[in-house]
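Here is what each chain is made of, one letter per residue.
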Amino acid sequence: MSRLAATLLATAIFAGSAAAAEPLKLGFVAPMSGAQAEYGLQMMNGMKTYMAQHGDSVADRPIEIIVKDSGGPNPDVAKRLTQELIVRDKVDFLVGYGFSPNAFAAAPLATESETPLIIFNAASSTIPLKSPYIARVSMTLAQHAYGIAKWANEQDIQKVYTLYADYAPGQDANKQFKKIFTAEGGEIVGEIGVPLSSPDFGPYMQRIKDAQPDAVFMWFPSGELANTMLKSYRERGLEEAGIRALGTSDLVDDHSLDSMGEDAVGLITSAHYSAAHDSELNKAFVETYAEIDPDTRPNFMAVAAYDGLAAIYKVTEDLGGDVSNGEKVMELLTGMTFESPRGPIEISSEDRDIVQNIYIRETKDTGEGLYNIEFQTMPMVVDQGKE
Amino acid sequence: MGIVVFDGLAFGALLFLISVGLSVTMGLMNFVNLAHGAFAMAGGYAAAVLMNDYGAPFPVGLAAGFLAGAVTGGVMEFFFIRRLYRSHPLDQVLFTIGLVFASIATVTFFFGPTMQRFVMPSYLDGNVALFGTDVSRYRLFLIVVGVIVVGGLLLGLNRTRFGAMIRASVDNQRVAQGSGINVDRLFLLTFTFGCGLAGFGGALSLGMLTLNPIFPLKYMVYFLMVVCVGGAGTITGPFLAALLVGVGDVAGKYYIPESGGFLIYLLMLGLLLARPRGLVVKQGAH
């Protein structure tokens, strides 16, 4: 008898609380531990920043973030975690995804369960084509490569040697750069794909120095590899030999910029976001971020997570809090435009991919640390890597 | 050509310097020490933190690296490792690999997952002309330090009383104990010293390798490769092995970059096939 009473009571409490405020559940899949733990940290901070500025509930539904640690590029793990979030936690949105293989693995699950999935980082061009329930708010590698290749053409740089981390994103970036750079008459004089495990890049740099190109295009994932690479570039005196360094933002990611020091100063890169982007919205973003995590600086992943939440808040508000119909949610997300700390952005009505400004920046010592200072804007660049 | 050989030797010297501690703890003491990188990392972090946050000069950082490695190593030996000397090698593997993961988590907790900053002191920065080629000062410095360390170790091990005691204790603990050697204390000191060398190597590597919490796992293959190819129980073996592997790796990357970093493994395979017990085999080894 007492058991029955307890059950009844529990049911009553549950039903009551559910009616009061059903939380809006976000299933967050990202690397939270291991070598890429900073990805997860940046995204989490980005979401927290948005919530600090706009409240931690929307349309009377408190935000509940369920964190799942995918580690590095582990498609199997990402798939299992996504499944758990859909089936057991019954999340309203899937968010995060640091690596493209993880996003690819989750795509069919989003389609099957009709759960909207917002990509916070994974940058392979074709990801949004894999499911009608995917929208991307981060960037594509092709967008970055487009920016720097165009700029190289404008600077009358003719011969370029490319050096890239030999795995899918590196190959992508290399391919896109080559395509755009050679289309306007540039010449690629050599290419080297470097294995990810290599501790010493000196010999590759020496080889490039001996080949005497006008510039070297480098693509390495942000963090230690990019750092090691740049160290070798400086140590070998390539700049003194008249070989300019070209790269995308991964080389001088805001997150690792301070630990790179002098090596990064003067580098020209292309990207969609810099912590030094000159706008009111970005100033507010950087300030709030600093209150949440004074030890790091927001980078492009934090900004993507911030914008991801902005999109989710908008949709949830428009639907009066009822986001149970995935198709309706995706309809609202498609073609959405709003102002981000990085500038204007649009979730393309063609393929739900991100459309945004690409900036050309120079890394400078501002006196308050190193920052990427934007000096040229290529407005509203559409991803061209899908073919 | 000259620059390729020089760079190879420098990379080899670095490989030797970060692995030589392992030649002591694993090679000499017969203890399967996969946690070598954790001690090297302790040294690296000590040096990096002192230099970044307290403005300590590089030599102080190196000394602190040695101390940090030695202290962590000594503490580990006293509390855990001495219990495992006579255990099955599998237990040693399991314990030390556990230590690696624990060290990764600990360092992430205190210093975060990001890599540490390192600014080369101005006297090691840039290039210097040597036999008509511009060579990096830092790499030259690595070669010089490598030669000094190998010389010092050979002298210490073969010409001092302490060295003789180590050799005796490793070869036959019971007889050594019977002849009045305090084996426990000797092993503590030796292990501590080996870990100190690891820390020293870790601090020295800051100019070439990146330091973040997965350091011990990331470079484990290189530490082990040098000791395996060189031959356990000797100092000259790992030194030669490190130089060979270093030159092979650099030459491979320069001349056939398409083969990438794979060549180093082929080289190891070839050397091990030719000399399965290592380049230099310890006298009287079983």
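These figures come from a predicted structure and were not determined experimentally. (Residues numbered from 1 in each chain as written. Chains lettered and ligands numbered in written order. Predicted model: local features only at pLDDT ≥ 70, side-chain atom pairs only at ≥ 80, totals over all residues. Heavy atoms only, no water.)

Participant: Where do I start with the overall build of chain B in this structure?
Facilitator: For chain B, the count of helices and strands is 12 helices and two strands. Seen in sequence order, chain B has helices and strands lined up from the N terminus as α-α-α-α-β-β-α-α-α-α-α-α-α-α. The C-alpha radius of gyration computed for chain B amounts to 19 Å, which stays within 12% of the reference 19 Å derived for 286 residues, consistent with globular compactness. With the C-alpha coordinates of chain B rotated into their principal frame, the extents come out at 60 × 45 × 35 Å. Each of the 286 residues in chain B was classed as buried or not, and the buried ones make up 53%. Pairs at least 24 apart in sequence give 76% of the contacts found in chain B among residues at least 6 apart. (Helix = DSSP H or I, 4+ residues; strand = E, 2+ residues; numbered from the N terminus. Rg over C-alpha atoms; globule rule 2.2 N^0.38 Å. Buried < 20%, exposed > 50% of the residue type's maximum accessible area, 1.4 Å probe, protein only. Contact = heavy atoms within 4.5 Å.)

Participant: Please clarify how the interface of chain A and chain B should be interpreted in this entry.
Facilitator: How big an interface is tends to be stated in terms of the accessible area lost upon association of its parts. Contacts between chain A and chain B engage 28 residues on the former and 31 residues on the latter. Taken over both partners, the interface formed by chain A and chain B buries close to 2500 Å², and the fraction arising from carbon and sulfur atoms is 53%. Here chain A and chain B share two salt bridges between them. Across the salt bridge formed by D7 of chain B and R236 of chain A, the nearest N and O atoms sit 2.4 Å from each other. (Buried area = accessible area lost by both parts, 1.4 Å probe. Salt bridge = Lys/Arg side-chain N within 4 Å of Asp/Glu carboxyl O.)

Participant: Help me understand a nonpolar patch on the surface in this model?
Facilitator: On the surface, a nonpolar cluster with roughly 570 Å² of combined accessible area is contributed by L67, V71, V75, F78, F79 and F80 of chain B. Within the secondary structure layout, F79 of chain B lies in helix α3 (residues 58-79). (Patch = residues over 30% accessible without salt bridge, like charges linked within 9 Å, V, L, I, M, F, W, Y side chains within 5 Å. Areas by Shrake-Rupley, 256 points an atom, 1.4 Å probe, with all protein chains shown as cover.)

Participant: So what exactly am I meant to see when it comes to the UniProt feature "domain: Leucine-binding protein" (unreviewed entry) in chain A here?
Facilitator: The UniProt record annotates "domain: Leucine-binding protein" (unreviewed entry) at residues 23-367 of chain A. In residues 23-367 of chain A, the share of helix is 42% and the share of strand is 23%. The end C-alpha atoms are 44 Å apart. (UniProt positions renumbered as here; feature names shortened; annotations may be inferred.)

Participant: Could you clarify how one ought to interpret the nonpolar core in this entry?
Facilitator: The biggest cluster of nonpolar side chains holds 119 residues, and the ones touching the most others in it are L163, F177 and L333 of chain A. Ranked by the residues each element gives to this core, the list is headed by helix α11 (residues 300-318) of chain A, at 13 residues. Ignoring sequence-local partners within four residues, the contact set of L333 of chain A consists of I118, A135, A311, V315 and I347 of chain A. Counting residues in hydrophobic clusters, the runner-up holds 87 residues, among them V107, V183, A203 and I264 of chain B. (Core = buried A, V, L, I, M, F, W, Y, C linked by side-chain atoms within 4.5 Å.)

Participant: How do you make sense of the sheet that holds strand β2 (residues 57-58) of chain A when you look at a structure like this?
Facilitator: The pairing of strands in a sheet happens through backbone hydrogen bonds and is either parallel or antiparallel. All names here are of chain A. The mixed open sheet is built from six strands, whose spatial order is β2-β3-β1-β4-β5-β6. Since the sheet does not close on itself, it has two edges, and those belong to β2 and β6 (134-136), each with one partner. Packing against the sheet, helix α2 (residues 37-54) makes contact with β1 (24-30), β2, β3 (61-69) and β4 (93-96), and its axis sits at approximately 155° to β1. (Pairing = 2+ DSSP bridges. Axes fitted to C-alpha atoms, helices over the stretch in contact; angles between N-to-C directions.)

Participant: For this particular structure, what's the right way to read the UniProt feature "transmembrane region" (unreviewed entry) in chain B?
Facilitator: Residue and element names in this part refer to chain B. Those residues carrying the UniProt feature "transmembrane region" (unreviewed entry) are residues 6-24, 31-52, 58-81, 93-112, 138-157, 186-209, 221-247 and 254-274 in this numbering. Within the segment residues 138-157, helix and strand shares are 100% and 0% respectively, and the terminal C-alpha atoms sit 28 Å apart. Secondary structure within residues 186-209 divides into 79% helix and 0% strand; the distance between the first and last C-alpha atoms comes to 32 Å.

Participant: Explain unusual backbone geometry here, please?
Facilitator: For residues that are not glycine, phi is negative in most cases, and the peptide bond is trans in most cases. Positive phi is not limited to glycine here, since Y97 of chain A has a value of about 70°. Mapped onto the fold, Y97 of chain A is located in the loop between β4 and α4 (100-113).

Participant: Explanation requested: helix α8 (residues 224-235) of chain A in the structure shown.
Facilitator: Every α-helical turn comprises 3.6 residues, leaving residues that sit three or four positions apart pointing alike. All names here are of chain A. Under the 1.5 Å per step criterion, the end-to-end length of α8 is 16 Å for 12 residues, consistent within 8% with the ideal 16 Å. Of all the residues in α8, the buried ones are E224, L225, A226, N227, T228, M229, L230, K231, S232, Y233 and R234. Once α8 ends, the next one or two residues include G237, with phi positive near 65°. (Expected span 1.5 Å × (residues − 1).)

Participant: When you look at the environment of P298 of chain A in this model, what are you seeing that I'm missing?
Facilitator: All names here are of chain A. Secondary-structure assignment places P298 in the loop between α10 (280-292) and α11. Judged by its relative accessible area of 2%, P298 falls in the buried class. Residues P298 and D254, spaced 44 residues apart in sequence, show a C-alpha to C-alpha distance of 6.9 Å. Beyond its immediate sequence surroundings of up to four residues, P298 is in contact with Q42, D254, Y273, A275, F285, V286 and Y289.

Participant: Can you help me understand the packing of α2 of chain A against α10 of chain A in this one?
Facilitator: The axes of two packed helices give the description: the angle between them and the distance between them. All names here are of chain A. For the pair α2 and α10, the least separation of the axes is 9 Å and the interaxial angle reads 110°. Between α2 and α10, the angle falls in the class roughly perpendicular. Together, Q42, N45, G46, K48, T49, A52 and Q53 of α2 and A284, F285, T288, Y289 and I292 of α10 make up the contact between the two elements. Counted by class, the contact of α2 with α10 contains five nonpolar, six polar and one charged residues. (Parallel < 35°, antiparallel > 145°, perpendicular 65-115°, else oblique. Nonpolar A, V, L, I, M, F, W, Y, C, P; charged D, E, K, R; others polar.)

Participant: I'm lost on the side chain of D7 of chain B in this one. Help?
Facilitator: With respect to the helices, strands and loops of the structure, D7 of chain B is situated in helix α1 (residues 2-28). You can call D7 of chain B buried: its relative accessible area is 2%. In this structure, D7 of chain B is in contact with R236 of chain A together with R139 and V250 of chain B, ignoring residues within four places of it in sequence.

Participant: For this particular structure, what's the right way to read the side chain of R236 of chain A?
Facilitator: Secondary-structure assignment places R236 of chain A in the loop between α8 and β10 (244-248). With relative accessibility at 6%, the residue R236 of chain A sits in the buried group. A polar contact of 2.9 Å, which involves the side chain of R236 of chain A, links it to the side chain of Q206 of chain A. Each residue touching R236 of chain A, except ones within four places of it in the same chain, is listed here: G202, M205, Q206 and K209 of chain A together with I3, D7 and R139 of chain B. (Polar contact = N/O pair within 3.5 Å; in protein donor to acceptor, adjacent residues only side chain to side chain.)

Participant: What should I look at first to understand the pattern of salt bridges in this one?
Facilitator: Pairs can form between side chains of opposite charge whenever their charged atoms are close. Residue and element names in this part refer to chain A. Inspection of the entire model under this criterion finds 18 salt bridges over all chains. Residue E84 is joined to R80 by a salt bridge in which the shortest nitrogen-to-oxygen separation is 3.5 Å. A residue pair is termed a helical-turn pair when its members lie 3 or 4 positions apart in one helix, as E84 and R80 do in helix α3 (residues 75-87) at four residues. According to the relative accessible area criterion, R80 is partly exposed, its value standing at 44%. Among the salt bridges present, the one from R234 reaches E239, with a minimum N-O distance of 2.7 Å. Salt bridges sharing common partners tie together R136, D351, D353, D383 and K386.

Participant: I keep staring at the packing of aromatic side chains and nothing clicks. Help me out?
Facilitator: When we look at a pair of aromatic rings, we describe it by the centre distance and by the angle of the planes. Under the defined criterion, the tally for this structure stands at 27 aromatic pairs over all chains. Between F285 of chain A and Y306 of chain A, the aromatic rings sit 4.8 Å apart at their centres with planes inclined by 70°, giving edge-to-face as the arrangement. Residue F285 of chain A is found in helix α10, and its partner Y306 of chain A is found in helix α11; the two are separated by 21 residues along the sequence. Summarising the burial analysis for this pair, F285 of chain A and Y306 of chain A share the class buried. When the ring of F109 of chain B is compared with that of F110 of chain B, the centres are 5.1 Å apart and the planes differ by 90°; the resulting orientation is edge-to-face. (Phe/Tyr/Trp six-rings, centres within 6.5 Å; stacked < 30°, edge-to-face > 60°.)

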